[in-house]
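Here are the chains, one letter per residue:
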Amino acid sequence: QVQLVESGGGLVQAGTSLRLSCTASGRTFSMYTMGWFRQAPGKEREFVAAIGWIGGTTDYADSVRGRATISRDNANNKVYLQMNSLKPEDTAVYYCAADINPRPLVKGAYILPHRYDYWGQGTQVTVSS
């Protein structure tokens, strides 16, 4: 069983930045592919970013590419999502997700929720205009 706990959400103004954190349990965190998703009210959960366990390969949704950076700290079982130039349309609950099967991240292969085995409870990000 893997537990994921997100933090760092809040109410921010458009144009500012925010860093979300996700802390994972498990002794083999470095082997997990980690992802961030978000879900706005009335909308489906959508992919934001993913980072692989081999070499830190990353993948981003077009909507955040250039504004978001996903990174990981394997020593502390953490994954981060740095979001810059936030827009009101970034408002959503942000979820951290883990695929615990060690395999390389292929771009586009981790954009669907069913690829992930575990999910956090989410953290709310609200961007005011």
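For the structure itself, look to the data block above.
Cut-offs applied
- Residues numbered from 1 in each chain as written.
- Predicted model: local features only at pLDDT ≥ 70, side-chain atom pairs only at ≥ 80, totals over all residues.
- Heavy atoms only, no water.
- Core = buried A, V, L, I, M, F, W, Y, C linked by side-chain atoms within 4.5 Å.
- Buried < 20%, exposed > 50% of the residue type's maximum accessible area, 1.4 Å probe, protein only.
- Helix = DSSP H or I, 4+ residues; strand = E, 2+ residues; numbered from the N terminus.
- Contact = heavy atoms within 4.5 Å.
- Pairing = 2+ DSSP bridges.
- Axes fitted to C-alpha atoms, helices over the stretch in contact; angles between N-to-C directions.

Q: Hey, could you go over the nonpolar core for me, with residue numbers and the actual values?
A: One recurring pattern in soluble globular proteins: nonpolar side chains tend to sit buried together. Within the largest apolar cluster, 37 residues are counted, with the highest numbers of intra-cluster contacts made by Leu4, Met34, Trp36, Ile70, Val79, Leu81 and Tyr94. At the level of secondary structure, the elements contributing two or more residues to this core comprise strand 3 (18-24), strand 4 (33-39), strand 5 (46-51), strand 7 (68-73), strand 8 (78-83), strand 9 (92-99) and strand 11 (123-128). In contact with Leu4, other than residues within four places in its own chain, are Cys22, Thr23, Ala24, Met34, Cys96, Ala97, Ala98, Tyr118, Trp119, Gly120 and Gln121.

Q: Hey, could you go over the pairing of strand 8 for me, with residue numbers and the actual values?
A: Each regular strand carries side chains that alternate between the two faces of the sheet. The pairing of strand 3 with strand 8 spans six bridges and is classified as antiparallel. Each residue of the ladder has a partner; that of Cys22, found in strand 8, is Val79. As paired elements, strand 7 and strand 8 share six bridges and run antiparallel to each other. Looking across to strand 8, one finds that Asp73 is bridged to Lys78. In textbook terms, the turn of a hairpin is the stretch between consecutive antiparallel strands, and for strand 7 and strand 8 this stretch comprises four residues, one of which, Asn77, has a positive phi near 55°.

Q: Pulling in residues and values, what's your account of the sheet that holds strand 1 (residues 4-7)?
A: Strand order in the open sheet formed by four strands is 1-3-8-7, with antiparallel pairing between adjacent strands. The sheet terminates laterally at strand 1 and strand 7, the two strands that pair on one side only. Strand-to-strand twist across the sheet, computed as the mean angle between neighbouring axes with direction ignored, equals 15°.

Q: Could you give me a rundown of the environment of Ala49, with the residues and numbers involved?
A: Residue placement: Ala49 occurs in strand 5. Residues Ala49 and Gly66 lie 17 residues apart in sequence; the distance between their C-alpha atoms is 11 Å. Setting aside anything within four residues of it in sequence, one finds Ala49 in contact with Met34, Gly35, Trp36, Asp59, Tyr60, Ile70 and Leu81.

Any link to function would need more than the numbers given here.
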